[in-house]
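Okay, here's what each chain looks like letter by letter:
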Amino acid sequence: MTQDEVLAEFRAAGALLEGHFILSSGLRSPVFLQKMFIFMDPARTERLCRALAEKARAAFGPIDYVVSPAMGGIIPGYETARHLGAKAVFVEREDGQFVLRRGFSIPEGARVLMVEDIVTTGLSSRECLASIAHHPGKIVGAACLIDRSGGKADLGVPLVTLASLDIPSYPPDRLPPELAALPAVKPGSRGIQGAQA
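Here we summarise the structure given alongside this text. (Residues numbered from 1 in each chain as written. Predicted model: local features only at pLDDT ≥ 70, side-chain atom pairs only at ≥ 80, totals over all residues. Heavy atoms only, no water.)

**What about the pattern of salt bridges?**
Worth spelling out the cut-off: Definition used for salt bridges: Asp or Glu carboxyl oxygen within 4 Å of a side-chain nitrogen of Lys or Arg. The helix and strand labels rest on DSSP assignments: H or I over at least four residues marks a helix, E over at least two residues marks a strand, and numbering proceeds from the N terminus. Only protein chains enter the accessibility calculation, which uses a 1.4 Å probe; a residue whose area is less than 20% of its type maximum is buried, one above 50% is exposed, and one in between is partly exposed.
The final tally for this structure, using the stated rule, is 12 salt bridges. A salt bridge links Arg-50 to Glu-46, with the nearest nitrogen and oxygen atoms 2.8 Å apart. On the criterion of helical spacing, the pair formed by Arg-50 and Glu-46 is a turn pair, its members being four residues apart in helix α3 (residues 42-60). Two residues, Glu-92 and Arg-101, come together in a salt bridge whose shortest N-O distance is 3.7 Å. Among the residues examined, Glu-92 registers a relative accessible area of 11% and is labelled buried. By relative accessible area, Arg-101 is classed as partly exposed at 34%.

As structure tokens, then:
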């Protein structure tokens, strides 16, 4: 699947939004990728995650476990794991830190891939990877549907992505005038108790 085909899927789902958005990182952006509009369509999700699984397998070889951060990473993690023939588990926040819960574990020698939905600053991905590193197994890399940092986010492991976009983001006190003139909207889920955008 080419980058243009990936973006066409987002556009067709109404998931590529323009305006003034407050990202979960606190930064502001003129573009928001509403990935839940993708994930509400199982056929579209399957196409994208199958392509991501193929790219991850080509880059990293066999994968035993896919680990994703809750909440946004659970659906793409599960669907990508399905196409990799791997187990799918997720980390969730406990006292502000990502941890494996619900009896999940990663066995010794397992080849682990961290799967995210969208990478912006890479913060939640790095936190997820740090949590996984406390368990047996080998982290082989990370994968996401879209890297909106244009390759600038450093996760500390190799990252494969279906599309890499250089979408600008700004601190709230350094907005360009055209963005500052628009009302700010926070469409993510980070403000929901227990959720992670």
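**Regarding the pairing of strand β3 (residues 65-69)**
Filter applied, for reference: Here is how to tell: hold the view so the strands point away, follow the path from the first strand over the helix to the second, and if it runs clockwise the crossover is right-handed. Only strands joined by at least two bridges in the DSSP assignment are considered to pair.
When you tally the buried positions in β3, you get five out of five residues, the bulk of the element. Side chains Tyr-65, Val-67 and Pro-69 project from β3 onto one buried face, and the interleaved Val-66 and Ser-68 project onto a second face that is buried too. Once the chain exits β3 it traverses helix α4 (residues 74-84) before rejoining the sheet at strand β4 (residues 87-94), and the crossover so formed is right-handed. Pairing geometry for β3 and strand β6 (residues 111-119), over three bridges, is parallel. Paired with Val-66 across the two strands is Leu-113, which belongs to β6.

**Structural notes on the side chain of Ser-29**
In plain terms, the rule: Here, two residues are considered to be in contact whenever any of their heavy atoms come within 4.5 Å of each other.
Looking at the secondary structure, you find Ser-29 in strand β2 (residues 28-33). Owing to a relative accessible area of 0%, Ser-29 belongs among the buried residues under this scheme. With near-sequence residues (within four places) excluded, Ser-29 lies in contact with Gly-19, His-20, Phe-21, Leu-23, Arg-148, Ile-167, Pro-168 and Leu-179.

**Comments concerning the nonpolar core**
Heads up, the rule is: We call a set of buried residues a nonpolar core when its members are Ala, Val, Leu, Ile, Met, Phe, Trp, Tyr or Cys and they connect through side-chain atoms within 4.5 Å of each other.
One finds Phe-10, Ile-63, Leu-113, Leu-145 and Ile-146 to be the most contacted residues of the largest nonpolar core, which totals 33 residues. Mapped by element, the contributors of at least two residues to this core are α1 (3-12), β2, α2 (36-39), α3, α4, β6, β7 (138-147) and β8 (159-164). A per-element tally of this core places α3 first, with seven residues. What Leu-113 contacts, discounting residues up to four positions off in sequence, is Ala-56, Phe-60, Ile-63, Tyr-65, Val-66, Val-67, Leu-84, Gly-141, Ala-142 and Ala-143.

Without other data, these values stay purely geometric and don't point to any function.
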